[in-house]
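Structural description and commentary
Each chain, letter by letter, is given below.
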Amino acid sequence: MAPEAVRYGYLDSPVGRLRMVGREDGVLTSLSVADHPSCSPLRDGWVQSDAAMRGAREQLEEYFAGSRTGFDLPIDPAGTPFQEQVWAALREIPYGHTLGYGELARRIGRPNAARAVGAANGRNPIFIVIPCHRVIGANGSLTGFGWGTDCKSWLLDHERQARLL
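This write-up is about the structure you can find in this document. This is a predicted model, so every value here is computed, not measured. (Residues numbered from 1 in each chain as written. Predicted model: local features only at pLDDT ≥ 70, side-chain atom pairs only at ≥ 80, totals over all residues. Heavy atoms only, no water.)

Focus on unusual backbone geometry
- Even without glycine at this site, I128 takes up a positive phi of about 75 degrees.
- Checked against the element boundaries, I128 lands in the loop between α4 (114-122) and β6 (135-136).
- Residue class for I128 comes out buried when judged on its relative accessible area of 1%. (Helix = DSSP H or I, 4+ residues; strand = E, 2+ residues; numbered from the N terminus. Buried < 20%, exposed > 50% of the residue type's maximum accessible area, 1.4 Å probe, protein only.)

Below, the structure is given as structure tokens:
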């Protein structure tokens, strides 16, 4: 049996044109800023499908409108067991709040692994849904964000403002 084709779609957002990648059943495997230099190119065999990405599109639109504070999308980020542990911990950071890399390392029981947590954070394939933007430097700086500090700053400001409403 041939492997299932990868599906993708786009969403114009305040942080740029987002590319949603996943499976026909709507499971999201990647979310990236399509026009950013860090975005990987489309691959042969990928199929554009608005239908497959409908759930992700709707929830992201609600997030950007300020009416959604969490996601209940089916996701399947591919990573090592450690990365998956970090990504699960990221999903526990409340909307509109931030956490330092060291504190996140302590929360997963690896208090000396702040740099490894940072590396796992940087490999997060589904940003926003897995909210890696909520992790900041110990001094409050917006460090280590693959889609740029302007994007990270916008997401954090958006969540703070929406939380205050």
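Observations concerning the packing of aromatic side chains
- Overall, the coordinates contain 8 aromatic pairs when judged by the stated rule.
- Seen from their ring centres, Y63 and Y95 are 6.2 Å apart, and the 85 degrees between their planes marks the pair as edge-to-face. With Y63 in helix α1 (residues 54-65) and Y95 in the loop between α2 (81-90) and β5 (99-100), this pair connects stretches of sequence that are 32 residues apart.
- Given a relative accessible area of 10%, Y95 falls into the buried group.
- In textbook terms, an aromatic cluster arises when at least three aromatic residues are bridged by ring pairs, as seen for Y63, F64, F71, Y95 and W154. (Phe/Tyr/Trp six-rings, centres within 6.5 Å; stacked < 30°, edge-to-face > 60°.)

Points about the sheet that holds strand β3 (residues 28-33)
- An order of β3-β2-β1-β4 is seen for the 4 strands of this open sheet, with the pairing classed as mixed. Pairing within the sheet leaves two strands with one partner each, and these edge strands are β3 and β4 (47-48).
- Direction of pairing for strand β2 (residues 16-22) relative to β3: antiparallel, over a ladder of 5 bridges. Within the sheet, the bridge partner assigned to V21 lies in β3 and is S30.
- Where α1 meets the sheet, it contacts β1 (7-13), β2 and β3, and its direction lies at approximately 20 degrees from that of β1. (Pairing = 2+ DSSP bridges. Contact = heavy atoms within 4.5 Å. Axes fitted to C-alpha atoms, helices over the stretch in contact; angles between N-to-C directions.)

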